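Commentary on secondary and tertiary structure
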Amino acid sequence: MADFIPDFLNNWIDWGLGVFYTLPEWIQYLTVTTWKILFVLIAVILIVAFSTYFERKVIGSMQARVGPNRVGPLGLGQPFADVIKLLIKEVVVPSQSSKFLFVIAPLLSLIPALATWAVIPLNDWYVIADINAGLLYVLALTSVGVYGVILAGWATNSKYALLGAMRSAAQIVAYEIAMGFALVGVLMAGGSLNLGDLVMAQAGGFSQWFLIPLFPLFVVYWISGVAETNRAPFDVAEGESEIVAGFHVEYSGVAFAVFFLAEYANMVLISTLTAIFFLGGWASPFEGLAFLAPLADIPVIGLIVTGGLHWLFAKMCIFMYTFFWFRATFPRYRYDQIMRLGWKIFIPVTIVWIAVEGAMVWFQVGPWSGLGA
């Protein structure tokens with residue numbers, strides 16, 4: 001590739017690398033980590049922006065409508081128009097609200113959704129912080145987001161916002177427990193708390209993915225993720241016909257945009273985590289097929305055979321599409337139905353399947369058949 005770069009650029013790159021390697025190690029580490037963070041942050045924000053566009057196009061197609069088509073070619077400028085609109089709108093802070101908590105609540109919802117990406121491996125070498133307790137880190141940060149919802153409803157000093165916050169908090173706690181139990185099964189199957197190790201444990205093609213032996217846990221985790229993000233059909237926290245838009249009813253402008261960004265950032269996060277935990281992450285489903293191995297060296301076709309960021313992105317897009325599909329087709333559940341599903345169905349299912357998985361490990365059945373070899 002260096003042959004296509006002009007000589008003066010090559011000289012500048014060589015000079016820059018030479019200066020970089022003369023710096024102390026801690027400065028090198030901070031520099032590389034900062035660039036990694038910027039890449040992930042910009043990528044997540046762009047995915048969130050265009051997710052709003054594709055959601056409107058997908059729902060429009062399902063409902064025989066056109067969707068956004070005015071701003072820019074094919075309507076692709078619509079996300080940027082929405083951002084500009086929200087930035088220039090006035091932020092109204094209720095006079096009787098707790099102003100500090102009112103302002104800080106949206107950040108408490110957004111920051112955990114972005115900080116969780118620190119331990120998510122995008123491929124076999126790109127991860128910001130490759131820590132051994134990555135799974136615990138994910139569980140801890142995804143649980144913190146509920147505080148932003150509660151504080152938003154309480155600080156507004158509005159009964160409608162408080163009611164929406166309480167409903168949302170109860171829903172998130174219920175499904176967080178089910179998700180935690182589902183991840184216990186993933187931990188048992190992968191034998192590690194490191195997310196990269198969990199992906200490597202699924203190497204070898206589709207037959208090695210945790211989706212097959214842990215299918216009930218996959219269903220519980222995915223549906224719980226939809227519920228935890230307050231997305232349809234579990235969007236009772238924003239039931240406009242009941243509580244006037246829920247916990248963020250008094251938010252406008254940039255403050256509302258941050259809540260909006262947090263919701264879609266959590267959707268991207270849950271989609272990516274589901275792909276990592278159950279669908280092999282960046283691994284290709286064709287890895288274990290020997291007759292396809294010679295194709296790995298072919299420039300474009302080789303991407304299908306070999307794993308990488310493109311496979312993780314494709315799997316994430318599939319789950320994001322499912323979010324949109326659910327919103328376009330399913331009616332909103334009643335609150336008692338949502339609570340019954342979380343407490344009386346999902347949690348017992350996860351506990352039972354963890355016991356089944358333990359029996360499979362003990363008797364060396366299925367994926368664990370070779371442990372005694």
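A quick note: this is a predicted structure, and the numbers were derived from the prediction, not measured.

Counted according to the given criterion, the structure contains seven salt bridges. As a salt-bridge pair, R231 and E55 come within 2.4 Å of each other at their nearest N and O atoms. Taken together, the residues R231 in the loop between helix 8 (215-228) and helix 9 (240-243) and E55 in helix 2 (residues 25-62) connect sequence positions 176 residues apart. Judged by relative accessible area, which is 2%, R231 ranks as buried. E263 serves as the salt-bridge partner of R231, at 3.1 Å between the closest nitrogen and oxygen. Of this pair, R231 sits in the loop between helix 8 and helix 9 while E263 sits in helix 10 (residues 253-278), placing them 32 residues apart in sequence. The two residues R231 and E263 agree in class, both being buried. Shared partners join several salt bridges into a network, and the residues in it are E55, R231, E263 and R327.

Moving on, we come to the packing of aromatic side chains. Under the defined criterion, the tally for this structure stands at 23 aromatic pairs. Ring centres of F218 and F278 lie 5.7 Å apart, and the angle between their planes is 65°; this geometry places the pair in the edge-to-face category. Linking F218 in helix 8 with F278 in helix 10, this pair joins segments that are 60 residues apart in sequence. Take F218 and F278: they sit in the same class, and that class is buried. Between Y251 and F259 the ring centres are 5.0 Å apart and the planes differ by 80°, which places this aromatic pair in the edge-to-face class. Here Y251 falls in the buried class, since its relative accessible area comes to 6%. Grouping aromatic residues by their ring pairs yields a cluster made of F215, F218, Y221, W222, F277, F278, F319 and F323. A cation over an aromatic ring shows up here: K36 above the ring of Y126, its NZ or CZ 5.7 Å from the ring centre.

Basis of the calculations
- Residues numbered from 1 in each chain as written.
- Predicted model: local features only at pLDDT ≥ 70, side-chain atom pairs only at ≥ 80, totals over all residues.
- Heavy atoms only, no water.
- Salt bridge = Lys/Arg side-chain N within 4 Å of Asp/Glu carboxyl O.
- Helix = DSSP H or I, 4+ residues; strand = E, 2+ residues; numbered from the N terminus.
- Buried < 20%, exposed > 50% of the residue type's maximum accessible area, 1.4 Å probe, protein only.
- Phe/Tyr/Trp six-rings, centres within 6.5 Å; stacked < 30°, edge-to-face > 60°.
- Lys NZ or Arg CZ within 6 Å of the ring centre and 35° of its normal.

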